[in-house]
Amino acid sequence: MATRDAAARAETVAALQTALAELDQTTGVHAQRACALLIHQRFGPSVGQSPRGRLIVNRATVRAEARLDGTYLLRTSDDTLSSEDVALGYTQRLEVECGWRDLEHRLDLRPVSHRKDERIEAHGALCFLALLLVRVPEQATGTPWAWAWAELQRVALVDRVGTAGHVAQRTELAPVQTQLFAALAVPPPTRIWAAASSAPATAA
């Protein structure tokens, strides 16, 4: 991360130097173009001003930013959390957002069409339990539930009918489907579900 930050800063400083070179400051800085650089989201923090009023690269700011390479500042209102817990919570923020999205859309937490408090609480509890059931296969397989669900949905039951009779059998499992069943410690569906012969029964 430190190497990436240093490379990004060097690229920004080089681009800023190019922008300053293109800015004609021999007869005074053009106010509009100077303000555009000063308030620029990328260049603004690194722009300084010389005693003569010329715009320059603020080397002090660049050096101060270099000391923070590879670091990230996180703030929390809970002073009981350790630094490791705060960092872990931050890295899991995307999973939290995905969890809320799954609750509200995939599991239909909202709208809640109930009027009694106990029914609303039960609805929320059932959706939360369903979310836990979603997270179990995600933890076991290391893949998003939507992807695993789509792969397992491809397993189908086919009913084949012919002159000799009919048979209901499961489609052949793809390698990725076999891996999912193994990771979940769930036996795959039975290959043959039903079979019947169309030959007439003979008398004993």
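Since the model is a prediction, treat every value here as computed from it, not as a measurement. (Residues numbered from 1 in each chain as written. Predicted model: local features only at pLDDT ≥ 70, side-chain atom pairs only at ≥ 80, totals over all residues. Heavy atoms only, no water.)

Trainee: Honestly, the overall build of the protein in this entry has me stumped. Any pointers?
Mentor: Along the protein, the regular secondary structure elements total eight helices and five strands. Taken from N to C terminus, the helices and strands of the protein fall in the order α-α-β-β-α-α-α-α-α-β-β-α-β. Burial analysis of the protein (204 residues in total) assigns 21% to the buried set. Sequence separation of at least 24 residues holds for 47% of the intrachain contacts in the protein that already meet a minimum separation of 6. Roughly 15,300 Å² of accessible area belongs to the protein as shown, and the carbon and sulfur atoms make up 58% of that amount. (Helix = DSSP H or I, 4+ residues; strand = E, 2+ residues; numbered from the N terminus. Buried < 20%, exposed > 50% of the residue type's maximum accessible area, 1.4 Å probe, protein only. Contact = heavy atoms within 4.5 Å. Areas by Shrake-Rupley, 256 points an atom, 1.4 Å probe, with all protein chains shown as cover.)

Trainee: How do you make sense of the confidence of the model for the protein when you look at a structure like this?
Mentor: When pLDDT is low, close inspection of the predicted coordinates is not appropriate. When pLDDT is averaged along the protein, the result is 82; 90% of the residues meet or exceed 70. Put simply, helix α5 (residues 93-106) is where the protein has its lowest mean pLDDT, 73, and helix α8 (residues 175-183) is where it has its highest, 92. (pLDDT = per-residue confidence, 0-100.)

Trainee: Just to check I follow, could you spell out the sheet that holds strand β5 (residues 192-197) for this structure?
Mentor: Backbone hydrogen bonds are what pair the strands of a sheet, in a parallel or an antiparallel way. Read across the open sheet, the three strands follow the order β3-β4-β5; overall the sheet is antiparallel. Both outer strands of the open sheet, β3 (157-162) and β5, are each paired with one neighbouring strand and no more. Taken pair by pair, the neighbouring strands of this sheet meet at an average axis angle of 10 degrees, ignoring direction. (Pairing = 2+ DSSP bridges. Axes fitted to C-alpha atoms, helices over the stretch in contact; angles between N-to-C directions.)

Trainee: Before we go on, may I ask you to explain the nonpolar core in this structure?
Mentor: Within the largest apolar cluster, eleven residues are counted, these being Val13, Leu16, Leu20, Leu23, Ala34, Leu37, Phe43, Val47, Leu55, Val57 and Val62. Contributing elements (two or more residues each) for this core: α1 (2-22), α2 (31-38) and β2 (55-57). Broken down by element, the residue count for this core peaks at three residues, all from α1. (Core = buried A, V, L, I, M, F, W, Y, C linked by side-chain atoms within 4.5 Å.)

Trainee: Is there a simple way to explain the pattern of salt bridges in this structure?
Mentor: Oppositely charged side chains can pair when the atoms bearing their charge come close. Per the stated rule, a full pass over the model turns up five salt bridges. Note that Arg9 and Asp69 form a salt bridge whose closest N and O atoms lie 2.7 Å from each other. Pair noted here: Arg9 is in helix α1 and Asp69 is in the loop between α3 (59-66) and α4 (83-91), with a separation of 60 residues, a long-range link. Here Arg9 and Asp69 have matching classes, each one buried. (Salt bridge = Lys/Arg side-chain N within 4 Å of Asp/Glu carboxyl O.)

Trainee: What is the right way to read the packing of α1 against α3 from this model?
Mentor: Helix packing for two helices is described by the angle between their axes and how far apart those axes are. Closest axis-to-axis distance for the α1/α3 pair is 11 Å, and the angle between their directions is 165 degrees. With respect to α3, the element α1 is oriented roughly antiparallel. When you trace α1 past α3, the crossing you get is right-handed. Together, Arg9, Val13 and Gln17 of α1 and Arg59, Val62, Glu65 and Ala66 of α3 make up the contact between the two elements. Its residues assigned to classes, the contact of α1 with α3 shows three nonpolar, one polar and three charged. (Parallel < 35°, antiparallel > 145°, perpendicular 65-115°, else oblique. Left-handed = near helix turned anticlockwise from the far one by under 90°. Nonpolar A, V, L, I, M, F, W, Y, C, P; charged D, E, K, R; others polar.)

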